[in-house]
Amino acid sequence: LESIDGHLTNSWYEFGWLRSVRNIRDSLARLRWTLQESSDRLFCMWNTCLQESFGGLHDELMPRLWPVVQRVLVESTRLLAHCTEVACGGKVYDEEEVALRQASERVRAAVSNLTAKHRELKLSASPDSVLEELLDEHNFLLHACALGRLAADLADDFLAHKAGSRALPAATYPESVFQLEVLTDRAHISFACRGMAAVTICFILGAIGFSKHIVKYDARAAAFAALFLRKSLVSSHVLNAQRLRGVVIGTIAGHVTYANVGWCSWWGYAAVCAIMAGWGGLSLFQH
């Protein structure tokens, strides 16, 4: 679930200005909220099972309710899977509207049936009082019904969005890029000034050159300074070690590649292009 937030943010930077992509982002954001709530409900059900004492009333009540509970869980799972396909497409297509609506109605009917059945059995066990022994069972069934309602509400929101009666909540986007209070924050200003000063000094040093160690018009010093920029004012040995390792490996790999295949011939150009594409793809995969 955490990775979905990162993918939604990246999609805004890439194609967020397209209407179709905005619809997909809004649908996936709505799906992500439902999945988070469903995960919380399932965790509560699991925790309730761990705390349950499994007394005599449990053995009498739950076997009669389990087929109804299973019906709610199965229908909810199928509906969530269907809604996931809808969210990935960004809209409800005409050919799947009827099936989605019927699936939502089946889930609500199963939840209603479970609620009525539970109320009936609870009244038969204790008409005039609340039994403490059945509180865990009540909590379990409450979350099971909530899981079904979450799935049905998600499908109803998609159908309402298609009909134009209710728009989906807009997915979040990185507003901090354009917020004046963030841009004028002292920490951001300090980072920008320190970074600009470091890169500028290294740029001037590389442009002028220094003895035989730094040739004239060498941009490597400025590039290394940009790679080692960080907002924190304190030392971070782990982060710095990772960056240093990446810089060293990248520099050595570039020199080795140029020394072996950097020839002015067609196979040299082809080899350099292939190695650059492979190295870039591998770096992106590891990142």
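Residues numbered from 1 in each chain as written. Predicted model: local features only at pLDDT ≥ 70, side-chain atom pairs only at ≥ 80, totals over all residues. Heavy atoms only, no water.

Q: Residues and numbers for the confidence of the model for the protein chain, please.
A: Scored by pLDDT, the protein chain has a mean of 83; 91% of the residues are at 70 or more. Highest mean pLDDT in the protein chain belongs to helix H5 (residues 135-163) (90); lowest belongs to helix H6 (residues 180-183) (74). (pLDDT = per-residue confidence, 0-100. Helix = DSSP H or I, 4+ residues; strand = E, 2+ residues; numbered from the N terminus.)

Q: Got a sec to walk through the packing of aromatic side chains? Specific residues and values, please.
A: Scanning all chains against the criterion turns up one aromatic pair. When the centroid spacing of 5.5 Å and the interplanar angle of 45° are considered together, the rings of Phe43 and Trp46 count as tilted. Taken together, the residues span about one helical turn, with Phe43 and Trp46 both in helix H2 (residues 19-51) at a distance of three residues. (Phe/Tyr/Trp six-rings, centres within 6.5 Å; stacked < 30°, edge-to-face > 60°.)

Q: Outline the packing of helix H3 (residues 56-89) against H5, listing residues and values.
A: Look at H3 against H5: their axes get within 9 Å of each other, and the N-to-C directions meet at 25°. As far as their axial angle goes, H5 and H3 are roughly parallel. The crossing of H3 and H5 is left-handed. Among the residues making up the contact of H3 with H5, the classes are represented as 20 nonpolar, three polar and one charged. (Axes fitted to C-alpha atoms, helices over the stretch in contact; angles between N-to-C directions. Parallel < 35°, antiparallel > 145°, perpendicular 65-115°, else oblique. Left-handed = near helix turned anticlockwise from the far one by under 90°. Nonpolar A, V, L, I, M, F, W, Y, C, P; charged D, E, K, R; others polar.)

Q: Summarise helix H4 (residues 94-125); cite the residues concerned and give the values.
A: A turn of α-helix holds 3.6 residues, and therefore any two residues three or four places apart point the same way. Taking 1.5 Å as the rise per residue, H4 with 32 residues should run 46 Å; its terminal C-alpha atoms sit 48 Å apart, in good agreement. Among the residues of H4, Glu96, Leu100, Ala103, Ser104, Val107, Ala110, Val111, Leu114, His118 and Leu121 are the ones counted as buried. Looking at the buried residues of H4, the elements they touch are H3 and H5. (Expected span 1.5 Å × (residues − 1). Buried < 20%, exposed > 50% of the residue type's maximum accessible area, 1.4 Å probe, protein only. Contact = heavy atoms within 4.5 Å.)

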